[in-house]
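What the coordinates show
Below are the chains, spelled out letter by letter.
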Amino acid sequence: MKVLVIGSGGREHALCWSLAKSPLCSELYCAPGNAGIASVATCVAIGADDLEAIANYCGENKIDFVVVGPEGPLVLGLVDRLTALGVKTFGPSAAAAALEGSKGFMKDICAKYGIPTAAYGRFRDPASAKDFIRTQGAPIVVKTDGLAAGKGVIIAETIEEAEQAVDAAMTDAVFGEAGAELVIEEFMTGEEASFFVLTDGVSALALASAQDHKRVGEGDTGLNTGGMGAYSPAPVLTAEMEQRVLEEIVQPTIDGLHSEGKPFRGVLFAGLMLTAEGPKLIEYNVRFGDPECQVLMLRLQSDLLPALIAACDGNIDQVKLQWHDETALTVVMAAQGYPGSYAKGDAIGGLSAAGSEEGVVVFHAGTKIGEDGAVLANGGRVLNVTAKAPAIAAAQGRAYAAVDRIDWPGGFCRRDIGWREIKRG
Ligand code: AMP
Ligand code: GLY
């Protein structure tokens, strides 16, 4: 099969790394890819949101199967478009991708089908949003309805802060169109975990669990990011808890969307809060997590490609996946300044030394190849130094040993990825 992966991050590098091993995959392409992806796939200079160019490329090059990495093209309808052209494509339709593309839609589905999540209201004008905030009190969470590159969630400690968030989003439009509507919701407490299933719109196949580290600073402090590191499995999600999440949250969502005429095919990523009252949904993403995908791919023993095809073909119930028992852990190296503004273009050395550490794979998240062939930083999150070992502490040790071999003064990482689990011992 000729397979095309859409995207340019660490998630797509991990997907390509995994797909390249499949005996079913004869040729692997990635649009647009990055410097690391170029070592396992042929990179094609087409942007992930350029639906027209992707559709043309698939036709001209007889692509058999497309795997869409990021949410942007899913929400824009890439899967609908390619499917209409007869190109088998992994990922949800635009209608189903609204689970991530519109937080209000997601919350309404939860309300309609009795799925546990934070209590909420939807607002299109600042005055009623502020009335709601004053009746609910603080802390309270203000979210843009639309996609805002992970920045559209404000955890307000006070009523004043929440009101400022409303003004910033609605009056000053700092998140553009995404903030024209807001979801305002109850603040939940507990430990967070990510849970992934492959679904064909009817059945769900559980993948492994993972835990992300969203804050930029050690000890989970500072600004929210796309994710600074992850590990899998996440033992807080016990087998019993996973069963509850499937029965109470994931399967009712799949069934609900099916009965709405918007069946969800692809990977459904539930961001969970494990509260004292049980697991509750924070949000859905309609794609693999990044950097969670990197640790899942390191642990996956089975061939990924037939499982993705089964999700498209409606026979995910026939698929069984094997996982390595070991723990995988990934450390994100980001450009100094991230998640604020940062410089691009630094040359990065030591990558092959890092990759030669035992059990280590360095995925590229934001790199490009310079004119002289050097690997250059080309994004906020730049590298995902990923390691596998029999236990989490050893995986962490291996990942940081590899990090220390990377020569990039303009980069930084958190030094405590995995701390909750290591502390639990
Ligand atoms: P999201 O982009 O929706 O994943 O939100 C980013 C982060 O904000 C989550 O990972 C949580 O840490 C936090 N968060 C979002 N919603 C809530 C909530 N209702 N209660 C507490 N924390 C939340
Ligand atoms: N790491 C969280 C996400 O991919 O949204």
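Before reading on, note that the structure itself is shown above.
Before going into details, it helps to say that this report is about the structure given with it. If you're wondering where the values come from, they're calculated on a predicted model, not measured in any experiment.

Regarding the sheet that holds strand 7 (residues 140-144)
Read from one edge of the open sheet, 4 strands run 6-9-7-8, paired in antiparallel fashion. Unpaired on one side and paired on the other, strand 6 (120-123) and strand 8 (153-156) mark the two borders of the sheet. Strand after strand, the sheet turns through a mean of 20° between neighbouring axes, direction not considered. The pairing of strand 7 with strand 8 spans 4 bridges and is classified as antiparallel. Residue Ile 140 lies in a different strand from strand 8, and its bridge partner there is Ala 156. Strands strand 6, strand 7, strand 8 and strand 9 (182-186) of the sheet are contacted by helix 6 (residues 103-113), whose axis makes an angle of about 140° with strand 6.

Considerations on the site of ligand 2
The full set of residues close to ligand 2 is Asp 212, Lys 214, Gly 226, Phe 269, Asn 285, Arg 287, Gly 289, Asp 290, Pro 291 and Glu 292. Arg 287 is positioned such that a nitrogen or oxygen atom in its side chain is 2.9 Å from an oxygen atom of ligand 2. Within the contact set of ligand 2, an oxygen atom lies 2.9 Å away from a backbone nitrogen or oxygen of Asp 290. Surface burial for ligand 2 is 91%, taken as the share of its 200 Å² of free accessible area covered by protein chains. Partitioned by chemical class, the residues of the shell around ligand 2 number 2 nonpolar, 3 polar and 5 charged.

Concerning helix 10 (residues 292-299)
Across the 8 residues of helix 10, 8 count as buried, placing the element largely inside the fold. Those residues of helix 10 that sit buried are Glu 292, Cys 293, Gln 294, Val 295, Leu 296, Met 297, Leu 298 and Arg 299.

Considerations on the packing of aromatic side chains
Given two aromatic rings, one states the distance between the centres and the angle between the planes to describe the pair. Across all of its chains, the model carries 5 aromatic pairs by this definition. With a centroid separation of 5.6 Å and an interplanar angle of 80°, the aromatic rings of Trp 17 and Phe 363 are classed as edge-to-face. Residue Trp 17 is located in helix 1 (residues 10-19), and its partner Phe 363 is located in strand 18 (residues 360-364); the two are separated by 346 residues in the primary sequence. Judged by relative accessible area, Phe 363 falls into the buried class, the value being 0%. Over the ring of Trp 17 we find Lys 21, and its NZ or CZ is 3.9 Å from the ring centre.

Focus: unusual backbone geometry
Cis peptide bonds are those with omega within 30 degrees of zero, and the linkage from Ala 31 to Pro 32 qualifies with -5°. For the bond running from Ala 138 to Pro 139, omega is -5°, close enough to zero to count as cis. Phi angles above zero are rare outside glycine, and Lys 62 is one such case at about 50°. Within the secondary structure, Lys 62 sits in the loop between helix 2 (51-60) and strand 4 (65-68). With a phi close to 50°, Ala 173 is a non-glycine residue in the positive phi region. Structurally, Ala 173 is set in the loop between helix 8 (159-171) and strand 9.

Things to note about the site of ligand 1
Every one of the 16 residues lining ligand 1 counts as a neighbour, but Glu 185, Glu 186, Met 188, Glu 192 and Glu 283 are closest to it. Between ligand 1 and Met 188, the relevant distance is 2.8 Å, taken from a nitrogen atom to a main-chain nitrogen or oxygen of the residue. In isolation ligand 1 has 470 Å² of accessible area, and contact with the protein removes 92% of it. Residue assignment for the shell around ligand 1 shows that the elements contributing at least two residues are strand 7, strand 8, strand 9 and strand 16 (278-285). Of the residues assigned to the shell around ligand 1, the class counts are 8 nonpolar, 1 polar and 7 charged.

About the criteria used
- Residues numbered from 1 in each chain as written.
- Chains lettered and ligands numbered in written order.
- Predicted model: local features only at pLDDT ≥ 70, side-chain atom pairs only at ≥ 80, totals over all residues.
- Heavy atoms only, no water.
- Pairing = 2+ DSSP bridges.
- Helix = DSSP H or I, 4+ residues; strand = E, 2+ residues; numbered from the N terminus.
- Axes fitted to C-alpha atoms, helices over the stretch in contact; angles between N-to-C directions.
- Contact = heavy atoms within 4.5 Å.
- Near = heavy atom within 4 Å.
- Polar contact = N/O pair within 3.5 Å; in protein donor to acceptor, adjacent residues only side chain to side chain.
- Areas by Shrake-Rupley, 256 points an atom, 1.4 Å probe, with all protein chains shown as cover.
- Nonpolar A, V, L, I, M, F, W, Y, C, P; charged D, E, K, R; others polar.
- Buried < 20%, exposed > 50% of the residue type's maximum accessible area, 1.4 Å probe, protein only.
- Phe/Tyr/Trp six-rings, centres within 6.5 Å; stacked < 30°, edge-to-face > 60°.
- Lys NZ or Arg CZ within 6 Å of the ring centre and 35° of its normal.

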